[in-house]
Amino acid sequence: MGFAVLGVHAHPDDEAIWTGGTLARFAAEGARTAVVTCTGAPGTVRAGELERSLEILGAGEPRLLGYGDARDAGAAPDAPRFVDVPLDEAVGRLVAHIREFRPDVVLTYDGYGSYGHPDHVHAHRVTLAAVEAAGYNQLFPEAGEPWRPRALYLATIPRSVVAAQWEAVFGAPPEPGHVLPGIPDADVSVRLDVGPWAERKWAAMHAHESELRRGASLTMLTSLPEQARDQMLQNEWYRLASGQPVLG
């Protein structure tokens, strides 16, 4: 089947922002790549934008868990919010995707959800549980044959990078005592140089036109000063949460 990488993200656009270069790189190298998105519904504007982003990144068709966004009622109007559903239900849905796709590597957010969004934090928790559960035939037997990925990596940012770019992003240095996103530099397991795929990542980010118009975090990222923007586009950082070191 070949080497396979599966990203698990909370919203359409996160796949491009946090792991777009990684997905594009592995797709270019011949790996199978895919993304499970926890919120959003087929037929919505954002689902269509996700489809275009995944096409640019070479990551297949959208795989939507179908839940609602904690902060956007229009993401999946007829579905419960992702953060409100029973844990086992969300884990079971993700287990089915893991067992069907059979990835060697799973990518999701760090424990703070990269910057604290409740859907990101919950996606982290659900993914940790699903990666573990997917290997047990006693758990979710209706979800397919057991599969255990070789590694689970958490997309993150080194604390030093956050501190260095804070003023460029927000116009002022962090206030004394402010807890910054990211993790200590020593806890970063791998920095991937995705510079050769930065243009593809940039194009995938811009496929999410509704988010750019809305003025959300994607707008902030695309409006960064050139040096800060290039650093975010050309590098992706991960902490190895479990399994063997396979990224590098």
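This text goes with the structure placed above it.
On a predicted model such as this, the values are computed, not experimentally measured, just so you know. (Residues numbered from 1 in each chain as written. Predicted model: local features only at pLDDT ≥ 70, side-chain atom pairs only at ≥ 80, totals over all residues. Heavy atoms only, no water.)

Caption draft 1: Structural view of the sheet that holds strand E4 (residues 105-109). Across the sheet, which stays open at both edges, the 7 strands sit in the order E3-E2-E1-E4-E5-E7-E6 with mixed pairing between neighbours. Unpaired on one side and paired on the other, strand E3 (63-67) and strand E6 (190-193) mark the two borders of the sheet. Each adjacent strand pair in this sheet contributes to an overall mean axis angle of 25°, direction not counted. Taken together, the 6 bridges between strand E5 (residues 151-156) and strand E7 (residues 235-243) define a ladder with antiparallel strand orientation. When the sheet's bridge partners are listed, leucine 152 is paired in E7 with serine 242. (Pairing = 2+ DSSP bridges. Helix = DSSP H or I, 4+ residues; strand = E, 2+ residues; numbered from the N terminus. Axes fitted to C-alpha atoms, helices over the stretch in contact; angles between N-to-C directions.)

Caption draft 2: Structural context of the environment of valine 8. By secondary structure assignment, the location of valine 8 is in strand E1 (residues 4-9). Classification of valine 8 as buried rests on a relative accessible area of 0%. Placed 157 residues apart in sequence, valine 8 and glutamine 165 show a C-alpha to C-alpha distance of 26 Å. The contact partners of valine 8, leaving out residues within four places of it in the chain, are Val36, Cys38, Leu94, Val106, Leu107, Thr108, Tyr109 and Thr127. (Buried < 20%, exposed > 50% of the residue type's maximum accessible area, 1.4 Å probe, protein only. Contact = heavy atoms within 4.5 Å.)

Caption draft 3: Region of the structure containing the pattern of salt bridges. Overall, the coordinates contain 11 salt bridges when judged by the stated rule. Between arginine 46 and glutamate 211 there is a salt bridge, with its nearest N and O atoms 3.6 Å apart. With arginine 46 in helix H2 (residues 45-57) and glutamate 211 in helix H7 (residues 209-214), this residue pair connects regions lying 165 residues apart in the sequence. One salt bridge connects glutamate 209 with arginine 213, and the closest N-O pair in it is separated by 4.0 Å. Here arginine 213 and glutamate 209 lie together in helix H7, a separation of 4 residues that amounts to about one turn. Salt bridges linked by common partners bring Asp13, Arg46, Glu211 and Arg214 together as one network. (Salt bridge = Lys/Arg side-chain N within 4 Å of Asp/Glu carboxyl O.)

Caption draft 4: Spotlight on unusual backbone geometry. Of note, the phi angle at aspartate 13 is positive, near 110°, even though the residue is not glycine. The backbone of arginine 102 sits at a positive phi, close to 60°, despite the residue not being glycine. Positionally, arginine 102 belongs in the loop between helix H3 (87-101) and E4. Judged by relative accessible area, which is 23%, arginine 102 ranks as partly exposed.

Caption draft 5: Just the packing of aromatic side chains, in detail. Enumeration over the complete set of coordinates arrives at 4 aromatic pairs. Arranged with centres 6.2 Å apart and planes meeting at 80°, the rings of tyrosine 153 and tyrosine 238 form a pair that is edge-to-face. Of this pair, tyrosine 153 sits in strand E5 while tyrosine 238 sits in strand E7, and the two are 85 residues apart along the sequence. For the pair tyrosine 153 and tyrosine 238, a shared accessibility class is recorded, and that class is buried. The ring of phenylalanine 26 is capped by arginine 25, whose NZ or CZ atom sits 5.5 Å from the centre of that ring. (Phe/Tyr/Trp six-rings, centres within 6.5 Å; stacked < 30°, edge-to-face > 60°. Lys NZ or Arg CZ within 6 Å of the ring centre and 35° of its normal.)

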